[in-house]
There are 2 protein chains.
Amino acid sequence: MPPRQSSDISRGKVAVTDVYASMRASILEGEIAPGTRINIDAVARSLGVSQTPVREVLQRLEGDNLVVYSPGRGYSTTPLLGLPELRSLFEFRLLVEPWAARAAAVDRLANPAAALERELASFRDTMKADKDLRQDLVAHDTRFHDTILAASGNPVVRHAFAQTHCHLHTFRLYPADVDGAITVAEHSAVREAIEACDPEQAEAAMTMHIRNSFDRFAQAFAGELAPLEDTGAPRKRIIK
Amino acid sequence: MPPRQSSDISRGKVAVTDVYASMRASILEGEIAPGTRINIDAVARSLGVSQTPVREVLQRLEGDNLVVYSPGRGYSTTPLLGLPELRSLFEFRLLVEPWAARAAAVDRLANPAAALERELASFRDTMKADKDLRQDLVAHDTRFHDTILAASGNPVVRHAFAQTHCHLHTFRLYPADVDGAITVAEHSAVREAIEACDPEQAEAAMTMHIRNSFDRFAQAFAGELAPLEDTGAPRKRIIK
DNA sequence: TTATTGAAATTCATATAGGAAATCACCCCC
DNA sequence: GGGGGTGATTTCCTATATGAATTTCAATAA
C-alpha cells in the first residue's frame, strides 16, 4: 500500500483529499508546533469544510505518525524525532534496504537500473535549476528508494518500509537544505551495482549509503540540539 | 503501535470500539465473504449505531488490510492471502524476527526470558482445557512474538512487524485448528536460547521456527487449494 | 501568594439529514 | 438477437446539530 493511491484524488472524497494535503503540509512545514493539540473545529472552519472530513484526515495522519490520539483529549501533533527514534528508524532501514538492493540486483526484467537512471537524470536536471532543493531532494530520495523496494519483489517489505514514512519524518526534522550532490553520488553507486547485477556490491553500497545518511543526520543533531539541551531547565530533584 | 491500545476502551469513542471489534470478528470468522462490498448503512443499522463510527472503523480496518477502499464504490473486504502473499509475509518475518531474537538474547534486564516463560506456562495451562484452541493459539503466538520484538529495543521494527498483522491474516486463512504442541516446542527452543544469552542460537531457533511455520501453512495450501486449481477453467489460448 | 472549588465555555463523539454520484434494470434502436 | 441509452434506486460523502466530558478561568479561603 504505497502512501496513497492517486485514485483517491480522481473522484470521491474530494474534501478529504484537499484537507489531507493541507494539514500534512502544515505539520511538515512546522506551522503547527510539534506537540500542539489540534482543534478540529478551528481546522474545519479555516479550511471551509465540516468536521467530518477533518476527523477522517486526522485518522489517516495518525497512521502516518504525524498526530497522536489521546482518549479524552483529541489529537495532537507528534513531537519531532529524537536521536534514539532516528537511530531505530535507520536500524530498520539497514535491515530491509540492503536486502532489497541485493534482491534487485538480478539479471531479469525486474532489474530497476533503467528506472533508477531515469530518476537520477531527472533529479540532476532539477538540481541545475537552483530552486529550493529540499522538497525535490526528498521527493527524489523517496522515489529512488521505493523503486528499489518495489524491485525486490516483496510487497510486504515494500509496504512496511513505506509505512515508516522515513522521508516524511526526516524532512520534518531538517527543513534546512542539505547538499544533494552527496546523495546523488551514493545513489549512483547503488544504481551501478544493481545494473551490474552484483548483489554483494549492491548490498554493500546501500548499507554504506544508509550509514552515511544517518551520520549526516546525527551530526546535524549534535549541532542543532546540543544548545537546546542547555536551555532546558535542569531537573533539580526527581522526588517531590 | 500495537494493534490498539486499551486506552481507546477506557473512555471516549465507545461506539467505535464496539463496532471495530464486531466488524473485525465478522471478517476474520468469514461471516463476510472475502471480496464482498460492505454496505455502511446496513452495518450501521444492524449494530444500532450511526454511519459515522462505522466509517471510522472502516478507515481503521483499511490500515489492517482487512478492507480496501475503491474511490467510487466504497469499502470491500480484502481477498484472502494467496501463496505468494504468504511467502512475502514470511520473508519479511525472516528479515526482522531472527534479528530481534538475536538482539533480545543479551545479559541485561531487557532479556525477555522470564516474560516468555510466563506466556508459555499460561498457554500450556490453556491447552489442557481443550476448548477451541484456535483463538488462544493465535493470541499466544501474537504475544510471544511481540514480546521478543519489544525486547529488541527498536520500536520502529516492532511497529513495522505489528502492522503486518500477520497473525490476523494467517488466522483468517486457516480457521481450521492446528496442533499447538509443535508451536509450543519451537517457542520453547527460542526462549531457551534467549535465556541462555546465546544470540547465534536464538537467531537460528527463530529462523527455524518461521521456516517451519511457513512450511506448515504452505502444506495446508497445497491440500486445500490444489483442487480449486483443477476446477478453474484452463486457459486455452493467451491471445484472442 | 498559593491551592482549591465551582461554574461557564470549549471541544469532542455521535446522531441525523441532504445533495451527489454510481449502479442496476428496463426499454429502445440497430 | 444484441448493444447502447435513460430513469429510478441505492449508496456514498459531506454538512449540521446535540449530548457528554473535559478544560479553563475566576473567585474564595487558607
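Residues numbered from 1 in each chain as written. Chains lettered and ligands numbered in written order. Predicted model: local features only at pLDDT ≥ 70, side-chain atom pairs only at ≥ 80, totals over all residues. Heavy atoms only, no water.

**Student:** A description of the pairing of strand S1 (residues 67-70) of chain A should follow, citing residues and the corresponding values.
**Tutor:** Residue and element names in this part refer to chain A. Here S1 shows a buried face lined by Val67 and Tyr69 and an unburied face lined by Val68 and Ser70. Across four bridges, S1 lies against strand S2 (residues 74-77) in antiparallel orientation. Residue pairing for S2: Val67 is matched across the bridge by Thr77. Between the end of S1 and the start of S2, which pair antiparallel, lie three residues. (Buried < 20%, exposed > 50% of the residue type's maximum accessible area, 1.4 Å probe, protein only. Helix = DSSP H or I, 4+ residues; strand = E, 2+ residues; numbered from the N terminus. Pairing = 2+ DSSP bridges.)

**Student:** Give a description of the protein's contact with DNA strand D that names residues and reports values.
**Tutor:** As a matter of local geometry, DNA strand D sits amid 20 residues, with Val14(A), Ala15(A), Ser50(A), Asn39(B) and Tyr69(B) nearest to it. Within 4 Å of the protein, the atoms of DNA strand D are drawn from sugar and phosphate moieties in a proportion of 81%. Note that a phosphate oxygen of DNA strand D is positioned 2.6 Å from one of the backbone N or O atoms of Ser50(A). Elements with a contribution of two residues or more to the surface near DNA strand D: helix H2 (14-28) and helix H4 (51-63) of chain A together with helix H3 (40-47) and helix H4 (51-63) of chain B. Here the surface near DNA strand D is built from residues that sort into nine nonpolar, five polar and six charged. (Near = heavy atom within 4 Å. Polar contact = N/O pair within 3.5 Å; in protein donor to acceptor, adjacent residues only side chain to side chain. Nonpolar A, V, L, I, M, F, W, Y, C, P; charged D, E, K, R; others polar.)

**Student:** Could you give an account of unusual backbone geometry, with specific residues and numbers?
**Tutor:** In this model, His165(A) sits at a positive phi of 55°, which is unusual for a non-glycine residue. Within the secondary structure, His165(A) is located in the loop between helix H8 (155-164) and helix H9 (166-173).

**Student:** Break down the side chain of Asp141(A) for me, with residues and values.
**Tutor:** Residue and element names in this part refer to chain A. Along the polypeptide, Asp141 turns up in helix H7 (residues 133-151). Among buried charged residues, Asp141 stands out as having no salt bridge; its nearest opposite-charge side chain is Arg93, 4.8 Å away. Apart from residues lying up to four places away in sequence, Asp141 is in contact with His167, Thr183, His187 and His209. (Lys, Arg positive; Asp, Glu negative; His and termini not counted. Salt bridge = Lys/Arg side-chain N within 4 Å of Asp/Glu carboxyl O. Contact = heavy atoms within 4.5 Å.)

**Student:** Quick rundown of the environment of Ser26(A)? Include the residues and the values.
**Tutor:** Structurally, Ser26(A) is set in helix H2. With near-sequence residues (within four places) excluded, Ser26(A) lies in contact with Glu31(A) and Ile32(A).

**Student:** Requested: an account of the side chain of His167(B), with residues and values cited.
**Tutor:** Counting through the fold element by element, His167(B) comes out in helix H9 (residues 166-173). Ignoring anything within four residues of it in the chain, the contact list for His167(B) reads Arg93(B), Val138(B), Asp141(B), Thr142(B), His145(B) and Phe161(B).

**Student:** Residue-level account of the packing of aromatic side chains, with values.
**Tutor:** Here a ring pair, both rings aromatic, is described through the centre-centre distance and the interplanar angle of the planes. All chains considered together, the criterion is met by six aromatic pairs over all chains. Both rings, one in Phe90(A) and one in Phe217(A), keep their centres 5.9 Å apart while their planes meet at 55°; by these two values the pair is tilted. Linking Phe90(A) in helix H5 (residues 83-104) with Phe217(A) in helix H11 (residues 199-231), this pair joins segments that are 127 residues apart in sequence. Across the pair, Phe217(A) and Phe90(A) agree in class, each one buried. Taking 5.0 Å as the distance between ring centres and 50° as the angle between the ring planes, the aromatic pair formed by Tyr69(B) and Tyr75(B) counts as tilted. Each member of the pair, Tyr69(B) together with Tyr75(B), is buried. Here the aromatic cluster, defined as three or more aromatic residues joined through ring pairs, consists of Phe90(A), Phe214(A) and Phe217(A). In this structure, Arg93(A) is placed above the aromatic ring of Phe90(A), and the distance from its NZ or CZ to the ring centre is 5.1 Å. Over the ring of Tyr69(A) we find Lys13(B), and its NZ or CZ is 4.2 Å from the ring centre. (Phe/Tyr/Trp six-rings, centres within 6.5 Å; stacked < 30°, edge-to-face > 60°. Lys NZ or Arg CZ within 6 Å of the ring centre and 35° of its normal.)

Function cannot be inferred from these measures alone, as they are strictly geometric.
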